[in-house]
Amino acid sequence: MTDTLAYLRGHRLWLIRDFVVWGSMSAQEFTFLITTPDQATRRIMFLSAPLGGDLQKVDFADLTDFRGNNLPESLSNPKVIPLSKGSVGAVVVGREDAGSFSIAKASQSDANVICDLLIMEVG
């Protein structure tokens, strides 16, 4: 077997069809600049706080691919790619961890978003 074929066959890949995304990004993100005057030290802190929105957390163990196979509970260095089927897209929020990921609609919309999920182990 060639090195390229061995590399491609060594990584697991799943396709989840017609996944419903109901989570939404934060409605507003506020930024703060805080100063703390103290006699010994002075600090300036920049903070950002998202308000509103409701992220959708998804566990890999709860998903079933298009062939009917359940995904494992834990994946090694997973990557999730949402493939939108309509005008409103979906985005993965933050980093995926070994057991789950967070997803939300890319823009504010009252309707749920239907998308396919391509999930792969990349390492």
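Just so we're clear, the structure is a prediction, and the values are computed from it rather than from any experiment.

S.K.: Would you mind going over the sheet that holds strand β4 (residues 56-59) in detail, with residue names and values included?
M.R.: Taken in spatial order, the three strands of this open sheet run β4-β7-β6, and their pairing is antiparallel. Single-partner strands in this sheet number two, and they are β4 and β6 (90-93). Averaged over all pairs of adjacent strands, the angle between strand axes in this sheet comes to 40°, irrespective of strand direction.

S.K.: Any chance you could break down the pattern of salt bridges for me, citing the residues and the numbers?
M.R.: Taken as a whole and judged by the stated rule, the model has four salt bridges. The closest approach of N and O atoms between Glu 96 and Lys 79, which form a salt bridge, is 3.9 Å. Here Glu 96, found in the loop between β6 and β7 (100-105), pairs with Lys 79, found in strand β5 (residues 78-84); they are 17 residues apart in sequence, far enough to count as distant. Several salt bridges converge on common partners, so that one network encompasses Asp 18, Lys 85 and Asp 116.

Calculation criteria
Residues numbered from 1 in each chain as written. Predicted model: local features only at pLDDT ≥ 70, side-chain atom pairs only at ≥ 80, totals over all residues. Heavy atoms only, no water. Pairing = 2+ DSSP bridges. Helix = DSSP H or I, 4+ residues; strand = E, 2+ residues; numbered from the N terminus. Axes fitted to C-alpha atoms, helices over the stretch in contact; angles between N-to-C directions. Salt bridge = Lys/Arg side-chain N within 4 Å of Asp/Glu carboxyl O.

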